[in-house]
Amino acid sequence: MTNASAIKPIRASASKEPTRVGQGSAEVLDRSQSNAKAKATPSVFRDYVELTKPRIVTMILVTTTATAIIGGGGLISMVDWLWLMLGTAAISGSAGAANQIWERVIDCNMTRTANRPLPASRVALFPAVAYTAALGIGGSAILWSMFGAIPAIAGIATWLIYVLVYTPMKTRTAWNTTVGAVAGALPVLIGYTAMGGSITGVSGWLLFGVLATWQYPHFMAIAWMYRHQYDAAGFKMTTTVEPTGRSAGWQSIVGSLALIACGVALCFIDGFSWFAIPAAIGVLIATVPMLKASIQFTKSPDDGRARKLLRSSLLVLPAVLLIVTLRVFW
Ligand code: HEM
Ligand SMILES: CC(C)=CCC/C(C)=C/CC/C(C)=C/COP(=O)(O)OP(=O)(O)O
C-alpha cells in the first residue's frame, strides 16, 4: 500500500481543469467548496457507488455484453446476462474501490479526485476495505459458479493487474498506461469465455485489441486535460514526462489506427459474409472522428482538442462494439 505518511495531503489547488471528465466548464470547485456541497446532501449510498467508479464500470458492462454475444455466437438468455452483469460489475467495482483505497492520500492532491469519498473523509477506511473485499469475493464467486473458472480467473487477473501493478506504477512511470490498457481490456475475456468463447480464440483476442488500443486516445485526452494536476500530485503520465503533448498525440493516432485494424479484422475473422464488407466500412466510419481528433490534437495540442478527442472516444467504443456484435448475426 502507498506509504500514507510519505505523501502528505496538500490542499488541492484550484485549477483551470474541470473536476470531472464529463464536466464542460473550466470552473472548478476547490476542495472546501466541493466538500461543503457534498456535506449539504450526504448520501452514503451514493458514496459507496462512487467508490466503484460507476461510469467506467458501466462501459465495462457494455463491452462485456457485446463480447458475451460474440463469444456465444448469438443472443444470451436474460438469466445468464443478469448473472454476468452482476459478477462483472462486482469485481470491476471492487477493483475501482481498491484503487481508490490505495490512492486515498494522493487523491487529496488533485482537484479532480479530492472530493472522492475517502479523500473527502465521507467514508472510513475499514468499511471501504470490507466493501471492496465483499464485492471482489462475491463477483469472483458469481462468475466462477455460474460460468466456470476461466471467466472468473480473467476477472481476478484484471483485478490484480489493475490494483497491484497499474496503480503503484502511476507515480513511477508513464508506462503505467500500457499496463492499465491490459487491465482495462481483460474484461472482454470475461464475457467472451463466459458464453463459450475459447480463451485462445482469435476473435476474443481481437476484441482485447479493440479495447486495449482504444484506451490510448481515451486516456491521452484525459492525461492532457489534467496534466497540471497529475504533475503537481506527483503522477507520471505521458503528458507530465513529455509536456508538449506530441507523444500523447502520436499514441492516440497509433491507438486509433490499431483499433481500426482490430475492428476490421473482426469483421472477416469468422469467414466471409455479405455483411462483412458493410461492417468493415462501418468500423472505419465510426472510428474516423476519433482518428481525426487525434491528428488535430497532435498538430496543435490544447484543452479543446483534448476534450473533443475524449468525447469522440466515448462514442467510438460502443459504436465499434455494436458493429462487430451485429456481425455475429449476418
Ligand atoms: C489505461 C486505461 C484507462 C485510464 C488510465 C483511464 C482513465 C480515466 C480517468 C482518469 C477518467 C476520469 C475519471 C473522473 O475523474 O471522472 C476516466 C473516465 C472514464 N473512463 Fe477511462 N481509463 C482507462 C480505461 C477505461 C476503460 C477500459 C473503460 C471502459 C471500457 C473506461 C471508461 C471510462 C468512462 C466511461 C469514463 C467516464 C467519462 C465521463 O465521466 O464522461 N476507461 N478514465
Ligand atoms: C473486471 C475488472 C476487475 C475490471 C476493473 C478494471 C478497470 C477498472 C479498468 C479501468 C482501466 C483504468 C486504468 C481506469 C483508470 O484508473 P485510474 O486510477 O487511472 O483513474 P483515477 O485517476 O480516476 O483514479
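Per-chain numbering applies: the sequence of each chain, read as written, is numbered from 1 onward. All chains are assigned letters beginning at A, and all ligands numbers beginning at 1, according to the order in which they are written. Note on the predicted model: pLDDT of at least 70 is required for a residue's local features to be given, and 80 or more for side-chain atom pairs to be given and counted; whole-chain, interface and lining totals, by contrast, use all residues. Neither water nor hydrogens contribute to the side-chain values; these are computed over all heavy atoms in the structure.

## Overview of helix α9 (residues 187–194)
The condition that has to hold: Exposure is judged per residue with a 1.4 Å probe applied to protein chains only, and the accessible area is read against the type maximum: over 50% gives exposed, under 20% gives buried, and values in between give partly exposed. Only runs of H or I of at least four residues qualify as helices and only runs of E of at least two qualify as strands under DSSP, and these elements are numbered from the N terminus. When checking whether two residues touch, look at their non-hydrogen atoms; a contact exists if any pair is within 4.5 Å.
In terms of burial, α9 is largely enclosed, as 8 of its 8 residues are buried. Every buried residue of α9 is accounted for by P187, V188, L189, I190, G191, Y192, T193 and A194. Elements that come into contact with the buried residues of α9 comprise α3 (54–72), α4 (78–102), α6 (125–147), α7 (149–169), α8 (176–185) and α10 (202–225). In the stretch just after α9, G196 is the one whose phi turns positive, near 110 degrees.

## Focus: the site of ligand 2
Heads up, the condition is: Residue proximity to a molecule or strand is established when one non-hydrogen atom of the residue lies within 4 Å of it. Between N or O atoms, a polar contact is any pair within 3.5 Å; within protein, one atom must be a potential hydrogen donor and the other a potential acceptor, and residues adjacent in sequence are included only when both atoms are from side chains. Here, Shrake-Rupley sampling with a 1.4 Å probe gives the accessible areas, and only protein chains in the shown set may cover a residue.
Taken together, 19 residues form the shell around ligand 2, and within it K53, R112, R116, Y166 and K170 come nearest. Within the side chain of R116, an N or O atom sits 2.6 Å from an oxygen atom of ligand 2. At a separation of 2.8 Å, an oxygen atom of ligand 2 approaches a polar side-chain atom of K170. Protein burial of ligand 2: of its 630 Å² of free accessible surface, 91% is covered by the chains. At the level of elements, α3, α4, α7 and α9 are the ones that each hand at least two residues to the shell around ligand 2.

## Some words on the coordination of the iron atom of ligand 1
The line we're drawing: For Na, K and Ca the donor cut-off is 3.2 Å, while for other metals it is 2.8 Å, and in both cases only N, O and S atoms qualify; water is not among them, so sites may look incomplete.
There is one protein donor for the iron atom of ligand 1, namely H218 (NE2), at 2.1 Å. Within the fold, H218 resides in helix α10.

## A short note on the environment of I222
Relative to the assigned elements, I222 resides in helix α10. Taking the C-alpha atoms as reference points, I222 and R307, separated by 85 residues in sequence, lie 7.8 Å from one another.

## As for the nonpolar core
Put simply, the test is: Grouping buried Ala, Val, Leu, Ile, Met, Phe, Trp, Tyr and Cys residues that are joined through side-chain atoms within 4.5 Å yields what is termed a nonpolar core. Domain boundaries shown here were taken from an automatic or database domain assignment.
Counting residues in hydrophobic clusters, the biggest one holds 67 residues, and the most contacted among them are L84, L207 and Y230. By residue number, the principal contributor to this core is α10, which donates 15 residues. Shared between two domains, this core takes at least three residues from each, and those domains are domain 1 (42–197) and domain 2 (201–330).

## Considerations on the packing of α8 against α10
When two helices pack together, their arrangement is captured by the angle between the axes and the distance separating the axes. What counts is decided by this rule: Interaxial angles span 0 to 180 degrees and are taken between N-to-C directions of axes, which are lines fitted to C-alpha atoms, for helices over the stretch in contact. Convention used here: angles under 35 degrees read as roughly parallel, angles over 145 as roughly antiparallel, angles from 65 to 115 as roughly perpendicular, and any remaining angle as oblique. Helix crossings are classified by the rotation of the near helix relative to the far one: an anticlockwise turn of less than a right angle makes the crossing left-handed, while a clockwise turn makes it right-handed. Three classes are used, and their members are as follows: Ala, Val, Leu, Ile, Met, Phe, Trp, Tyr, Cys and Pro are nonpolar, Asp, Glu, Lys and Arg are charged, and the others, Gly among them, are polar.
Put simply, α8 and α10 touch, their axes get as near as 8 Å, and they point 130 degrees apart. Judged by the angle between their axes, α8 and α10 are oblique. Considering only the axes of α8 and α10, their crossing is right-handed. Facing α8, whose interface residues are T177, T178, G180, A181, V182, G184 and A185, α10 presents F208, L211, A212, Q215, Y216, F219 and M220. Taken together, the residues of the contact of α8 with α10 sort by class into 9 nonpolar, 5 polar and no charged.

## Description of the domain arrangement of the chain
Counted only if it meets this: Two parts placed together each lose some accessible area; with a 1.4 Å probe, that loss summed over both constitutes the buried area.
Each assigned domain of the chain is listed here: domain 1 (42–197) and domain 2 (201–330). Computed from C-alpha atoms alone, the centre-to-centre distance between domain 1 and domain 2 is 21 Å. The interface is formed by 32 residues belonging to domain 1 together with 30 residues belonging to domain 2. With both sides pooled, the region where domain 1 packs onto domain 2 buries about 2,700 Å², and carbon together with sulfur makes up 75% of that total.

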